[in-house]
Amino acid sequence: MLERKTILVTGASSGIGRAIALRCAQAGADLALTYRNNQDGADATAREVQSLGRRAEVLRIDISREQDIETLAAQLAEQFARIDVWINNAGADILTGDAGRLSRLQKLDLVLAVDLRGTVLASWAAVDMMRKQGGGVIINMAWDHTIQGMEGENPGVYAAAKGGVASFSRSLARDVAPDIRVNILAPGFIETAFGEEANPKFRRKVVEMTPLRRWGRPEDVASAALFLASDDAAFLTGQTIMVNGGVVM
């Protein structure tokens, strides 16, 4: 399905990014994988990709830094003939561990810098590369609740950034068509670190509000990413796929 394609996945050291990388490798793609802090996780993802017989290169970047994005683009051009699909998955954690104890202003600044500004910078770099090589696919990560909102300080901060990602991506899709397709993945409640650490009452509430009666898995998002990356989605651009079991429709 993705034979002879090369795919970049940012934030591939764990969770959704790791699942996307492995799903694409299973479909025949070679991978470029980025991480910011979790080198052990990124290296583990790379080993799993390689165990599937595919190439994997690991690159350390902070997508909120313009210089790091420029360095990433240069490294990709040096190591690969082309990047067919660029998946902007990397995002800031404001919910778990020490990040959950940041002030609301610190959380806002962090999410806007990484999730919104980082996605914009990385998308521009992808466009520059893909225009030179004659086309490609960009997939950006938003959030299903930007459609209807969610109460709470953390959801409000997250919606500000991810809503911006979705709006930017639709504008970019119009700007770079027809040679480059840009689409949006909007996961809902997924069993990442946040879901695993959530209290049992909240976990049950999520199941009850979900028509498909379970939390999502990173592999659910990865399967949607695989579709958007493939030629099966050749007539889709500027679209949002919500991977959420029907919580938001």
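Here, every reference points to the structure presented above.
Residues numbered from 1 in each chain as written. Predicted model: local features only at pLDDT ≥ 70, side-chain atom pairs only at ≥ 80, totals over all residues. Heavy atoms only, no water.

Here we take up the packing of aromatic side chains. For any pair of aromatic rings, the description consists of the separation of the ring centres together with the inter-plane angle of the planes. Within this structure, the stated rule accounts for 6 aromatic pairs. Ring pairing ties together the aromatic residues F189, F194, F202 and W215, which thus form one cluster. Positioned above the aromatic ring of F80, the side-chain terminus of R55 is 4.1 Å from the ring centre. One cation-aromatic arrangement involves R203 over W215; the distance from NZ or CZ to the ring centre is 5.1 Å. (Phe/Tyr/Trp six-rings, centres within 6.5 Å; stacked < 30°, edge-to-face > 60°. Lys NZ or Arg CZ within 6 Å of the ring centre and 35° of its normal.)

To continue, consider the layout of surface pockets. Its boundaries defined by the atoms lining it, the largest pocket holds a volume of some 1400 Å³. What lines the largest pocket is a set of 48 residues, and nearest its centre among them are G91, A92, D93, Y158 and T192. Where the lining of the largest pocket is concerned, the elements lending two or more residues are α1 (15–26), β2 (30–35), α4 (104–133), α5 (153–176), α6 (193–197) and α7 (200–209). It is α5 that provides the largest number of residues to the lining of the largest pocket, a total of 4 residues. Of the residues in the lining of the largest pocket, the class split is 24 nonpolar, 17 polar and 7 charged. (1 Å grid on protein atoms, 1.4 Å probe; cavity = no way out; pocket = protein on both sides within 12 Å on 5 of 7 lines; lining within 4 Å. Points joined across faces, edges and corners; volume = space filled by probe spheres on them. Helix = DSSP H or I, 4+ residues; strand = E, 2+ residues; numbered from the N terminus. Nonpolar A, V, L, I, M, F, W, Y, C, P; charged D, E, K, R; others polar.)

The next thing to look at is helix α8 (residues 218–229). An ideal rise of 1.5 Å per residue puts 16 Å on 12 residues; α8 measures up with 16 Å between its terminal C-alpha atoms. Among the residues making up α8, those that are buried are P218, V221, A222, A224, A225, L226, L228 and A229. (Expected span 1.5 Å × (residues − 1). Buried < 20%, exposed > 50% of the residue type's maximum accessible area, 1.4 Å probe, protein only.)

Of the two faces of strand β1 (residues 6–9), the one carrying T6 and L8 and the one carrying I7 and V9 are both buried. Direction of pairing for β1 relative to β2: parallel, over a ladder of 4 bridges. In the sheet register, I7 faces β2, and the bridge partner there is L31. Pairing geometry for β1 and strand β4 (residues 85–88), over 3 bridges, is parallel. The residue bridging I7 from the neighbouring strand is V85, located in β4. (Pairing = 2+ DSSP bridges.)

Bringing unusual backbone geometry into the picture now. With an omega of 5°, the peptide bond between A177 and P178 qualifies as cis. Among the structural elements, P178 can be located in the loop between α5 and β6 (180–187).

Time to look at the packing of α1 against α8. For any two helices packed against each other, one specifies the crossing angle of their axes together with the interaxial distance. Their axes nearest at 8 Å, the elements α1 and α8 cross at an angle of 50°. With respect to α8, the element α1 is oriented oblique. Seen from above, α1 lies across α8 with right-handed handedness. Two secondary-structure elements touch here, α1 through G15, I16, A19, I20 and R23 and α8 through P218, E219, V221, A222, S223, A225 and L226. (Axes fitted to C-alpha atoms, helices over the stretch in contact; angles between N-to-C directions. Parallel < 35°, antiparallel > 145°, perpendicular 65-115°, else oblique. Left-handed = near helix turned anticlockwise from the far one by under 90°. Contact = heavy atoms within 4.5 Å.)

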